Amino acid sequence: MIRNRLIMKALASLSSSTLSLRCCSYNNKSSLNLNSLFFARRRFHSSPPISMASASVNNERARAPPAIPLPPPPLSKFKIGLCQLSVTADKEKNIAHARQAIQDAASKGAQLVLLPEIWNSPYSNDSFPVYAEDVDAGGDASPSTAMLSDLARLLKITIIGGSIPERSGGNLYNTCCVFGTDGKLKAKHRKIHLFDMDIPGKITFMESKTLTAGETPTIVDTEVGRIGIGICYDIRFPELAMIYAARGAHLLCYPGAFNMTTGPLHWELLQRARATDNQLYVATCSPARDTGSGYIAWGHSTLVGPWGEVLATTEHEEAIIIAEIDYSILEQRRTHLPVTKQRRGDLYQVVDFQRLNSH
């Protein structure tokens, strides 16, 4: 009798636990979570608990392929310049204005300069086709990137050229070009996640009306470290940042133009989240705010450290932010809080298909 009562009590306890898992899952409206939790429950009851020591063995499986160890950076400390620029309908004026801002940042010691999203054109679907340039052709076909290349070479700095509308193969892209100290194009990132948003009474914008989404994550080795590139809406997707971190990025750069609806709520939050999750630096650069334009940018260009701390920022007016990046802090932070070694590869995984297929 006593044995039967103990068995009944154990079954009741298991049933109650399983029910609570099911309720939790249904509240989250996810049948996949229900199945995962249910089978996890069964497995944990039928096998010994997994200790943290054994779980740590699986941390490499949390990334497929396994994460690349953080490479030694080419330098420990340097200054970054974030050029928050006003944008007009005059393309030549925008190019000249960006040239002057880059020169000013370099004169203040910046070895890396970041420009805003769509700095040579008004941010509108009507403007993208008119202001678009053929980056691959270069020269007169792309006066914006020709200027960036020229300045990078003359000033011996690395330039992450914000983004401009690019025309290629009959398509239009929102494209960021990275130039090395020799003036050569080191990388080209086409915005992967297009900004399609409709908040009634607040903001409606559909980049997909004119732009084509990029297909490739972009990480580039520069004279100031390994940098992952995203453009504005790309920052909302943590998976992209995780892929860059797994590829050994020291710094993520996001030229972006958040608006007056999402900017106050999400702009800083997302930057700090990407930096904290991946324990690296995040730099963003926005256009300055123009209340007379059809699309009003939030501004607030920012540098965030690997602890999630805001190291430098500004308001909405034109500004050039000069701040120091110290890569020696990366290993220090990862030692203090070793989340990269504590991931549960037996429970979840982020897959980098580009790297996986190349292997």
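What counts, and at which threshold
- Residues numbered from 1 in each chain as written.
- Predicted model: local features only at pLDDT ≥ 70, side-chain atom pairs only at ≥ 80, totals over all residues.
- Heavy atoms only, no water.
- Helix = DSSP H or I, 4+ residues; strand = E, 2+ residues; numbered from the N terminus.
- Contact = heavy atoms within 4.5 Å.
- Core = buried A, V, L, I, M, F, W, Y, C linked by side-chain atoms within 4.5 Å.
- Buried < 20%, exposed > 50% of the residue type's maximum accessible area, 1.4 Å probe, protein only.
- Phe/Tyr/Trp six-rings, centres within 6.5 Å; stacked < 30°, edge-to-face > 60°.
- Lys NZ or Arg CZ within 6 Å of the ring centre and 35° of its normal.
- Salt bridge = Lys/Arg side-chain N within 4 Å of Asp/Glu carboxyl O.

A. Region of interest: the overall build of the protein. The number of helices and strands found in the protein is 10 helices and 17 strands. Look at the contacts in the protein between residues 6 or more apart in sequence, and 70% of them connect residues 24 or more apart.

B. Geometry of the nonpolar core. Core analysis: the largest hydrophobic core is formed by 47 residues, its most contacted members being Ile 80, Ile 160, Ile 227 and Leu 251. For Ile 80, the contacting residues outside a window of four places in its chain are Ala 110, Leu 112, Ala 283, Leu 303, Ile 321, Ile 322, Ala 323 and Ile 325. Counting 22 residues, the second-largest nonpolar core is a separate cluster that includes Ile 95, Leu 115, Ile 164 and Phe 179.

C. Structural context of the packing of aromatic side chains. By the definition in use, this model includes 10 aromatic pairs. Seen in terms of ring centroids, Tyr 281 and Tyr 327 are 6.2 Å apart; in terms of plane orientation they differ by 70°. Their pairing is edge-to-face. Of the two residues, Tyr 281 sits in strand 13 (residues 281–285) while Tyr 327 sits in the loop between strand 16 (319–326) and helix 9 (328–336), which places them 46 residues apart along the sequence. For Tyr 327, a relative accessible area of 3% puts it in the buried group. An aromatic cluster of three or more residues is present, and its members are Tyr 123, Phe 128, Phe 195, Phe 205, Tyr 233, Phe 237 and Tyr 295. The ring of Tyr 173 carries the charged tip of Arg 190 above its face, separated from the ring centre by 4.0 Å.

D. Expanded view of the pattern of salt bridges. As enumerated under the stated definition, the model contains 13 salt bridges in all. Here Arg 272 and Glu 268 are joined by a salt bridge, their closest N and O atoms 3.6 Å apart. Highlighted residues: Arg 272 and Glu 268, both in helix 8 (residues 263–278), separated by 4 residues, approximately one helical turn. By relative accessible area, which is 37% here, Arg 272 ends up partly exposed. Each of the salt bridges in this network shares a partner with another, and the network as a whole consists of Asp 136, Glu 166, Lys 188 and Arg 190.

E. Up close: unusual backbone geometry. Residue Pro 65 is reached from Ala 64 by a cis peptide bond, and omega for that bond is -5°. Locating Pro 65 in the fold gives a position in the loop between strand 1 (63–64) and strand 2 (77–84). Unusually for a residue other than glycine, Gln 279 sits at a positive phi of about 55°. Its place among the elements puts Gln 279 in the loop between helix 8 and strand 13. A residue is classified by how much of its surface remains accessible, and Gln 279, at 2% relative accessible area, is buried. The phi dihedral of His 300 is positive, around 60°, even though this residue is not glycine. Tracing the backbone shows His 300 in the loop between strand 13 and strand 14 (302–304).

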